Amino acid sequence: MTERATRRPETFKKPAHWSNDPAPEPQPAKDEQDPDGLSPTRYGDWVKKGIAIDF
């Protein structure tokens, strides 16, 4: 098994925008009604110019 580095190199300098703060808590999802009918993110179908497309 190959050993992994467990420490950063001595010359590494942390960028100024890095912080040690924990990540923020995610906001709860909003359940909004789709004005055009069924939600494409729920059923997986999108309609573009009258043609149903599926990713």
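Summarised in this report is the structure supplied together with it. (Residues numbered from 1 in each chain as written. Predicted model: local features only at pLDDT ≥ 70, side-chain atom pairs only at ≥ 80, totals over all residues. Heavy atoms only, no water.)

## Considerations on the overall build of the chain
Right, so step 1: The number of helices and strands found in the chain is one helix and two strands.
Right, so step 2: Counted from the first residue to the last, the chain has its helices and strands arranged as α-β-β.
Right, so step 3: Going through the 55 residues of the chain one by one, you find that 2% of them count as buried.
Right, so step 4: A total accessible area of about 6500 Å² is found for the chain, and carbon and sulfur atoms account for 52% of it. (Helix = DSSP H or I, 4+ residues; strand = E, 2+ residues; numbered from the N terminus. Buried < 20%, exposed > 50% of the residue type's maximum accessible area, 1.4 Å probe, protein only. Areas by Shrake-Rupley, 256 points an atom, 1.4 Å probe, with all protein chains shown as cover.)

## Quick word on the packing of aromatic side chains
Right, so step 1: Within this structure, the stated rule accounts for one aromatic pair.
Right, so step 2: On the numbers, 5.8 Å between centres and 40° between planes, the contact of Phe 12 with Trp 18 is tilted.
Right, so step 3: Here Phe 12 falls in the partly exposed class, since its relative accessible area comes to 36%.
Right, so step 4: Its relative accessible area of 38% is what places Trp 18 among the partly exposed residues. (Phe/Tyr/Trp six-rings, centres within 6.5 Å; stacked < 30°, edge-to-face > 60°.)

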